[in-house]
Amino acid sequence: MENISYARMFVLLWVALYVVIFVQIYIDWASVTFFYLGFPYVYNLRDSTIAYCVIGAFAFLLPISVKRYSDFACWMLYLTIFIPSIIIAARQGYTSFDASWLIIAVAVSFWLVLYIPKIIRFKSYSLIRQISVAKFFFFFLSFYVIAIAFYIATYRGMMSFSGMDEIYEQRARFGSAQTSTLALYLTGWLSNAMNPYLLAVGLFDRTRRWAIVVGLAGQIVVFMAFAGKMMLVILIVTFGFYFFVLNNKAHIAPARLAFGFAALTFSALAILIATDYQPVGTAMDAVALIYIRTLGIQGAMTGVYADVFSHNPFTYWSHVNIINLIIDYPYKVPLGYVAGTDLIGGTGFNANANFWATDGVAAYGLAGVVIMGAVLGLVLSLANKVVTPDRLPFAATVSIPFIMSLGNSSLFTSLITGGGLIMVMMIAYGVPQRQPTLKKEAVYRFHATPSRVSK
């Protein structure tokens, strides 16, 4: 009990430091430089107080001992999407909706995400015994080589290693390219699932360290075509999680995870202070990547979508491909462009947003936000069915890109286009088996015995 209280104390400390630094950067820099992208600053004591209380309450409610996959996912959602959304919504000053009610709706939704997996529990999934881990990896690697070759052949004429000032030009070239649907799907499957899987295999299985090189090369190939900043961030976060957050490579330490986000925001603050809050060139790229792209935009878009869809029709989830066969989608362009046009005018830009904004606010307002909490809670309950405790460290490492994609896209898009379903298959069948070593630490190895989950 003393150890749990001690760990909780450090969690509270790092979360508080993370929030303080995040708010300071928002007020002193983001609201000045990027106010037109949904970062305005209007002080409201009531909204700010509610936001701080809600953030503090969940710092106590979240499990300090991560025993199931849903526990890990909730910590990641809390730090990457929930805290930025709550903090920024309280400061944007929109008059088209009540920010306090938006904060409460997101809090109720997150509570459902946290507690539904505790209430709804499924028995462990019995894997197909005829498929061994070694066989699965062989078939996966064969498919991966074909997929990469097809991807390079499709985009070889436009691939380049774009600098930060050339990313949007490269993204425009990618968007205008006439390619197959499969090539578009491979962008998400490779960057969010298949390459991270190879990285995790190389990290957990010392006999396959070469998989790290293959995964890194594959991620660079996709970046050279799509030029997505998050593809580079994913690499940093994945390695940082494995080497720092995993305690003895077997247990996930929430205090270390919270410290990592505090350190991340502090690095952005340090750059700003060193440049007198006027970063240019590489310094500007670094701060924008760390603060705006990785954390800030996820939170800003929650309030932006609440403003946009306070006077535009709800989609009633018709933005999801299957549902739009039943319910007509009310717009001619994707949701991101609807929000981007409303935000900056003209033809706008693709203002992608987190699942609370796209699947919640845009679909059915504040009620939609709460409903999506129940949906994601059920999804995590199913995830716990596949990710047994012995698979948790590996599964957590592989799924970091998927969870981060929830800050930039619909839950349904992340599952299908973003490679979430493929990721589940790799975790179910392709986890290296843990073997004891003389150093008394956990080492994962592939072997030919059948893969199965203990009941």
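A brief look at the structure comes next. Fair warning: this is a prediction, and the values are worked out from it, not measured in the lab. Note that residues are indexed from 1 along each chain, following the sequence as it is written. Only residues with pLDDT of at least 70 get local features here, since the model is predicted, and only at 80 or more are side-chain atom pairs given and counted; chain-wide, interface and lining totals rely on the full set of residues. In computing side-chain properties, one takes all heavy atoms of the structure into account and sets aside hydrogens as well as water.

**Details of the nonpolar core**
Within this scheme, the nonpolar core is defined by two criteria: the residues are buried Ala, Val, Leu, Ile, Met, Phe, Trp, Tyr or Cys, and they are joined through side-chain atoms within 4.5 Å. Relative accessible area decides the class of each residue, using a 1.4 Å probe on protein chains only: under 20% of the type maximum gives buried, over 50% gives exposed, and in between gives partly exposed. Counting residues in hydrophobic clusters, the biggest one holds 150 residues, and the most contacted among them are Tyr 78 and Phe 82. Broken down by element, the residue count for this core peaks at 16 residues, all from helix H3 (residues 69-89). Each helix is a run of DSSP H or I of at least 4 residues and each strand a run of E of at least 2, with the numbering of both proceeding from the N terminus.

**Considering helix H13 (residues 355-386)**
One less than the number of residues in a helix, times 1.5 Å, gives the span that helix is expected to have. Over its 32 residues, H13 extends only 23 Å from the first C-alpha to the last, a length that falls short of the 46 Å expected when each residue adds 1.5 Å. Bend at a given residue is defined as the angle between two axes, one fitted to the seven residues that end at that position and one fitted to the seven that begin there. Its maximal kink placed at Tyr 364, H13 deviates by approximately 150°. In this structure Asn 354 caps H13, since a side-chain oxygen of it lies 2.8 Å from the backbone nitrogen of Trp 356. Any pair of nitrogen or oxygen atoms within 3.5 Å is treated as a polar contact; in protein, a donor-acceptor pairing is required on top of that, and neighbouring residues in sequence qualify only through side-chain atoms on both sides.

**A closer look at the side chain of Thr 265**
Position of Thr 265 relative to the elements: it lies in helix H10 (residues 254-274). Residue Thr 265 is classed as buried on the basis of its relative accessible area, which comes to 1%. Non-local contacts of Thr 265, meaning those with residues more than four positions away in its chain, are made with Tyr 18, Ile 21, Phe 22, Ile 25 and Leu 295. Contacts: residue pairs with any heavy atoms within 4.5 Å of one another.

**Examining the packing of aromatic side chains**
Any two of the Phe, Tyr and Trp rings considered here, Trp counted by its six-membered ring, make a pair once their centres fall within 6.5 Å; the pair's planes then place it as stacked at under 30 degrees, edge-to-face at over 60, or tilted in between. The tally for this structure, following the rule as stated, stands at 46 aromatic pairs. Measuring from ring centre to ring centre gives 5.9 Å for Tyr 26 and Phe 39, while their planes differ by 40°; the resulting arrangement is tilted. A residue pair is termed long-range when its members are at least 10 positions apart, and Tyr 26 in helix H1 (residues 2-33) and Phe 39 in the loop between H1 and helix H2 (45-61) qualify at 13 residues. The same class applies to Tyr 26 and to Phe 39, which are both buried. Geometrically, the ring pair formed by Phe 138 and Phe 139 is edge-to-face, given 5.6 Å between the ring centres and 70° between the ring planes. Each member of the pair, Phe 138 as well as Phe 139, carries the same accessibility label: exposed. By way of ring pairs, the aromatic residues Phe 136, Phe 137, Phe 140, Tyr 144, Tyr 197, Phe 204, Trp 210, Phe 239, Tyr 242, Phe 243, Phe 394 and Tyr 429 are connected into one cluster. For a ring to carry a charge above it, either NZ of a lysine or CZ of an arginine must fall within 6 Å of the ring centroid while also lying within 35 degrees of the normal to the ring plane. One cation-aromatic arrangement involves Lys 118 over Tyr 115; the distance from NZ or CZ to the ring centre is 5.8 Å. Its end group placed over the ring of Phe 244, Arg 256 keeps NZ or CZ at 5.9 Å from the ring centre.

**A few points about unusual backbone geometry**
Of note in the backbone geometry, Asp 276 takes a positive phi value of approximately 55° without being a glycine. Position of Asp 276 relative to the elements: it lies in the loop between H10 and helix H11 (281-308). Unusually for a residue other than glycine, Tyr 316 sits at a positive phi of about 50°. Its location among the elements puts Tyr 316 in the loop between H11 and helix H12 (335-344).

Nothing here speaks to function; it is geometry throughout.
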